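Architecture and fold: a report
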Amino acid sequence: MEVALLSTSAANKYRVRELAKDLGLSNKDIMDVLGKYGEAPKSNMQALTDKELSLVFEALTQAHPASGIQEIFADTYREPAKQEQSVPTPAPAQAAVERPAQQPVAPAVPMAQVQKATVAPAPLAAPRPVNPQPAAGQAKPVLSQPATRVPQKKVVDTRKGGDVNLAKYDEKLEQMAPDKARRMQPAAPGKQKFRPNNNRRPGPGMTFSNKRRQDEQEKMRRLQLEIAKKAPLKVSIPDEISVGELASRMKKTGAEVVKVLMKSGIMASLSQMIDYDTATLVALEFNCKVEHEVTVTIEEQLIDTHQDKEEELIFRAPVVVVMGHVDHGKTSLLDAIRDTSVAEGEAGGITQHIGAYQVQLDGKPITFLDTPGHEAFTSMRARGAMITDIAILVVAADDGIMPQTVESINHAKAAGIPIVVAINKIDKPAANPEKIKQQLTEYGLLTEDWGGETICCPISAKKRTGIDKLLEMVLLTAEMAELKANPNRAASGTVIEARLDKGRGPVATLLVQNGTLRQGDTIIAGTGVGRVRTMTNSKGKRIEEAGPSVPVEIAGLSEAPAAGCTFNVVADERMARELVEQRKEEEKFKFAAPVQKVSLENLFDQIQAGERKELALIVKADVQGSVEAVRVSLEKLSNAEVAVRVIHGGVGAISESDVMLAASTGAIIVGFNVRPDAAARDGAIRQNVDMRMYRVIYDCIDEIESAMKGMLAPKFKEVVLGHAEIRQTYKVSSIGTVAGAYVQDGKLVRDCSVRVVRDGIVIHEGKLGSLQRFKDTVKEVTTNYECGLTVDRFNDIREGDIIESFTMEELPR
């Protein structure tokens, strides 16, 4: 195959199909060559780059070497047909011997000249020698040559004088590189044009076929150098990169990169990390084109997190949670709402309860979560899942505001969701709704009839009165909030609860918040992954799909996920399983690592680092008056750097719910004349919550103010006391090594910290064991005095070592 005859001018956007046609090969052959040495083209219509063309030419040239120079120039120097008829093809030597009379005779040519003009490849046998001067009357012998794969061979007679026209011989070789490359790159020795030389023969192992291959490779290298000079090298740089890796990507030595950094005033070693901006400046110094390398995680590739357009969104049902104090009618209200929904649209009642359900009011759905209010908020908010839109606060008209009622109000405020107050049990004789409204004002809830914005509905869950009005107010609040979602995308939402069923395996209750969940979808929820095998709604019916704000129960996950974690529908199940394994590894490290939460000790450091703009506090006291006094006093400590906010205040002992709220909001618990119960203590230790107990209010204010100024987190400074030189050492069996030293400067103090320095290298760091002058133990030895000393747990003291004494001084902020 005559690959060498192709000109590199074919680099003008050659397509795979065109190159295969010109080379007489199939498209698959070209694509296989590129796939072996680089990246295979996607189709036969793809345009090839200069580098890809060079790869094809180089591979085919090495795979199909020409047998001789005759084959290369056979087409160029083919003689006219008339001459070809007059010079017949030489026959094999055996035929010439058998029929010497009938065979046409070629003119005698000296063999030396034939070898100078025509070159046969090394593996072929040399032609038989011919007598240059035949005897008189004897027929001239026939010049016979071994048969090769070339159909015809030309014998060039150089006896008629003059050199052969070498321009034609070199025409094809000159096309291998443009003129500019030839001008810039001088020809190296051993790569000159071929000229016949009567005094030179090919050396051993040096055939013209090998020489031609070397020339082609040199031409290719020149072409690649020319292309590299025209197009700057592209370098991908991440946010951080080591100096050695940057040098490797720019194809430079580490010394060159370090030199450029030194010119910029940066002293860096090859292993040192530099940022993106510094690496960009270095790359531009080497005329490289910089691209910012963005690391894409498996989660980013797998989970669709793009923002929906406004025209894609439609209104969705609100998600409502009912909260309140025990025995205030929360469960009765939920039952009344369910019974109303059954009476309107269901015959036979709700057959299955899955923790969440939907009701219809005038054709508009409302989703309710049937979970304890404060538990749902603390556990789900701790995982970052704010899945509720509206909170219904149930207050008994005959009982008033109770501790769990206050706790529910603070949970809803911390979540930032609107509150609809339902005053229950208005049918009782002792009911006093106005007293309830007055008590709500103490916690920042001012009802509408009192000039505020909080919606308040009097109801009776027992007699089913006021339920429809309450639901209408919920829908009105939802319309004002403009709750929207996009059903035409992959589903995502939150796991409400999960359990392990004996018959069906892991079963999870999901709330779809965006998109549409369909049976057969692959979902990933926390550390669980799988396909949705079955899907039922809140009424226990099998459904095929569920849109936004629809609660469903599914089966098919590999394990039961944690309540409150998010779920997503993904397209690639293999990548989803990789992500699950990655999450499991992260959880292992998370549980092994200490949890960093706010405390008075690290508060100032977090403020200085910009990690904390607000200090959340939970105040518990023995009387309500103390709670209000502490709230006002602490909130006055707010400054420009950090705002102090009391998110919850209550009377009584510190409970486990207080610890859960503090863990989810990153708050500190402050107690006055109260103690935590056993469950609260265990929870605080487990979740690393800081609890502070005080007897005097001013101690609390002073300590928190000092923490904000950083006085609780002092820093230390090393102060060097002096240096002593070891002059002599003694071995004492009961003590160890005792050293005689001379104090050069400063002083040595008993029990101070010391370093043993040998030839400028710190050998040991520890405590000074003993210090003596003569036989007396002394507290210190000053400059120009000799002493004896030992170092705790270190006996490798040698003559000439330097003992450096120092101490750590605490610096108040």
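Everything discussed here concerns the structure shown above.
Residues numbered from 1 in each chain as written. Predicted model: local features only at pLDDT ≥ 70, side-chain atom pairs only at ≥ 80, totals over all residues. Heavy atoms only, no water.

Next up on the list: the pattern of salt bridges. Enumeration according to the criterion identifies 33 salt bridges in this entry. The partner of Glu-559 in a salt bridge is Lys-584, and the shortest N-O contact between them spans 3.3 Å. Highlighted residues: Glu-559 in the loop between strand S19 (550-557) and strand S20 (566-570) and Lys-584 in helix H20 (residues 573-592), separated in sequence by 25 residues. Across the salt bridge formed by Arg-755 and Glu-804, the nearest N and O atoms sit 2.8 Å from each other. Placement of the pair is Arg-755 in strand S27 (residues 753-758) and Glu-804 in strand S32 (residues 802-811), with a sequence separation of 49 residues. By the burial criterion, Arg-755 is buried, and Glu-804 matches it. One network of salt bridges, with partners in common, ties together Glu-718, Arg-755, Glu-765 and Glu-804. (Salt bridge = Lys/Arg side-chain N within 4 Å of Asp/Glu carboxyl O. Helix = DSSP H or I, 4+ residues; strand = E, 2+ residues; numbered from the N terminus. Buried < 20%, exposed > 50% of the residue type's maximum accessible area, 1.4 Å probe, protein only.)

Another point: the pairing of strand S8 (residues 364-369). Relative to S8, strand S6 (residues 319-324) is paired through 3 bridges, and the arrangement is parallel. Each residue of the ladder has a partner; that of Val-319, found in S8, is Thr-367. Where strand S7 (residues 356-361) lies against S8, 6 bridges are found, and the strand directions are antiparallel. In the sheet register, Leu-361 faces S8, and the bridge partner there is Lys-364. In this antiparallel pair of consecutive strands, S7 and S8, the connection spans 2 residues, and Asp-362 shows a positive phi of 55°. (Pairing = 2+ DSSP bridges.)

As a further point, take the sheet that holds strand S21 (residues 614-621). One open sheet holds the 4 strands; their spatial order is S22-S21-S23-S24, and the pairing between them is parallel. Each end of this open sheet is capped by a strand with a single partner; those strands are strand S22 (643-651) and strand S24 (691-694). For this sheet the average axis-to-axis angle between neighbouring strands, irrespective of direction, equals 25°. Alignment of strand S23 (residues 668-672) against S24, held across 4 bridges, turns out to be parallel. Within S24, the residue paired with Val-670 across the bridge is Arg-692. The strands that helix H22 (residues 624-635) touches are S21, S22 and S23; relative to S22, the one it contacts most, it runs at about 175°. (Axes fitted to C-alpha atoms, helices over the stretch in contact; angles between N-to-C directions. Contact = heavy atoms within 4.5 Å.)

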